[in-house]
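Observations on the three-dimensional arrangement
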Amino acid sequence: MARKKPLVVVTRRLPDVVETRMRELFETRLNTEDRPLTQAELVEAVKTADVLVPTVTDRIDAGVLSQAGPNLRLVANFGNGVDNIDVDTATARGITVTNTPGVLTEDTADMTMALILSVPRRLAEGIAVIEKGEWHGWSPTWMLGHRISGKRLGIIGMGRIGQAVARRALAFGMSIHYHNRRRLGAEVEERLEATWWESLDQMLARMDVISVHCPHTPGTYHLLSARRLKLMKKDAYLVNTARGEVVDENALARMLEAGDLAGAGLDVFEHEPAVNPKLAKAPNVVLLPHMGSATIEGRVDMGEKVIINIKTFMDGHRPPDRVLPSML
């Protein structure tokens, strides 16, 4: 007799090719409306599912996990981070957690580099002038920005994405600096021509561009606090394609409004999808709707990783992308 397929509940629409493959392999319940599930709907999902496939915007906290049914054994996150999941509670209840690391590295690094280029060169301001019909011809002193070649880039979090950004920035002639929990090996530092700063405060005070690439954890919440943001040079720029909660958004908005910072490029926000009104109005800010990893290729790769994690787990083996509390 054929073994019963596991019930896999998916919380959002995924690429067609991914959903089709899931339906071939598993009993799959899809979200065809592609609307975020409420907490009550998430609770209902964990009560019935063998496997839950949430996305980074679904809060799978202790309250949800405490109501999980006896069949739930795997939460296969469709996303690189797991700050949306209470991994400690899941582990304590015998529920395995996986994610999709690595596949978004190059896409996110590309978008980071785009922001590093667009903010100093005032691309958004230039686009706005064209759209409003206010351009009256070229002038040698109009819409002047800053070149990035020769500038110092300070990277906070030198993991896969941070290093991918460093490679790109190096090709643009930037000087690479970084702050990380652990110093990289000498070979990696040499290859990236990167300078390590043990003190984040000291690095912030000396950089022309700061780019955030650390995960959101209790330890990194408001890592860039009002005090630390004030350490940055007035002509410096902040770029964040990691997690909005790492930056004190209100403090950043106040500094930009007061002219205490040259500009910012943000793809993530502290209270998504809400955007601070002061940031939305600031002319020296480029805002994107959390699209740093939004490529077709990247989303399909993520889905394939989710499928491999589920299939491996259901076959009785350790999934390749298991997340343990000790890793966070």
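Residue numbers run consecutively from 1 along every chain, following the written order of its sequence. Per-residue local features are limited, in this predicted model, to residues with pLDDT of at least 70; the limit for side-chain atom pairs, both in listing and counting, is 80 or more; totals at the level of whole chains, interfaces and linings are taken over all residues. As a rule here, side-chain values come from all non-hydrogen atoms in the structure, and water together with hydrogens is ignored.

1. Let's talk about the packing of helix H5 (residues 105–118) against helix H7 (residues 160–171)
Packed helices, taken two at a time, are described by the angle between their axes plus the distance between the axes. Here, axes are lines fitted to C-alpha atoms. For helices the fit covers the stretch in contact, and angles between N-to-C directions go from 0 to 180 degrees. Comment: elements are numbered from the N terminus, with helices defined as DSSP H or I runs of at least four residues and strands as E runs of at least two. Between H5 and H7, the shortest axis-to-axis distance is 9 Å and the interhelical angle comes to 50°. When the axis of H5 is compared with that of H7, the two are oblique. Considering only the axes of H5 and H7, their crossing is right-handed. Contacts from Thr105, Glu106, Thr108, Ala109, Asp110, Thr112, Met113 and Ile116 of H5 reach H7 at Arg160, Ile161, Ala164, Val165, Arg167, Arg168 and Ala169. The labels follow the angle: roughly parallel below 35 degrees, roughly antiparallel above 145, roughly perpendicular from 65 to 115, and oblique for the rest. Crossing chirality is assigned from the near helix's rotation relative to the far helix, an anticlockwise turn below a right angle marking it left-handed and a clockwise turn marking it right-handed. Any two residues having at least one pair of non-hydrogen atoms within 4.5 Å are treated as being in contact.

2. Things to note about the sheet that holds strand E5 (residues 96–98)
The strand order E2-E1-E3-E4-E5 describes an open sheet built from five strands, whose pairing is parallel. Two strands close off the open sheet at either side, each with one partner strand: strand E2 (27–29) and E5. Between one strand and the next, the sheet's axes are offset by a mean angle of 20°, whatever the strand orientation. Alignment of strand E3 (residues 51–53) against strand E4 (residues 74–76), held across two bridges, turns out to be parallel. Each residue of the ladder has a partner; that of Val51, found in E4, is Leu74. Of the strands in this sheet, strand E1 (7–10), E3, E4 and E5 touch helix H13 (residues 296–314), which is tilted by about 165° from E4. Between any two strands, pairing holds if DSSP finds at least two bridges.

3. Focus: H13
To estimate the expected span of a helix, count its residues, drop one, and scale the result by 1.5 Å. Taking 1.5 Å of rise per residue, 19 residues should cover 27 Å, and H13 covers 27 Å from first to last C-alpha, within 8% of that figure. Between buried and exposed lies partly exposed: a residue is buried under 20% and exposed over 50% of the maximum accessible area for its type, with that area taken using a 1.4 Å probe on protein chains only. Listing the buried residues of H13 in full gives Gly298, Val300, Met302, Gly303, Val306, Ile307, Asn309, Ile310, Thr312 and Phe313. Those residues of H13 hidden inside the fold are in contact with E1, helix H1 (16–25), E3, E4, E5 and H5.

4. Re the UniProt feature "domain: D-isomer specific 2-hydroxyacid dehydrogenase NAD-binding" (unreviewed entry) in the protein
UniProt positions are given in the numbering used here, feature names are shortened, and annotations may be inferred rather than shown by experiment. UniProt records the feature "domain: D-isomer specific 2-hydroxyacid dehydrogenase NAD-binding" (unreviewed entry) for residues 113–292 in the present numbering. The distance separating the terminal C-alpha atoms of residues 113–292 is 10 Å; by composition the span is 32% helix and 16% strand.

5. Looking at the sheet that holds strand E10 (residues 237–240)
Taking strand neighbours across the sheet as the criterion, the seven strands line up as E8-E7-E6-E9-E10-E11-E12 in an open arrangement whose pairing is parallel. For this open sheet the edge positions go to strand E8 (194–196) and strand E12 (285–287), each flanked by a neighbour on one side alone. Averaged over all pairs of adjacent strands, the angle between their axes in this sheet comes to 20°, without regard to strand direction. The pairing of strand E9 (residues 209–212) with E10 spans four bridges and is parallel. Counted as the bridge partner of Ile210 is Leu238 from E10.

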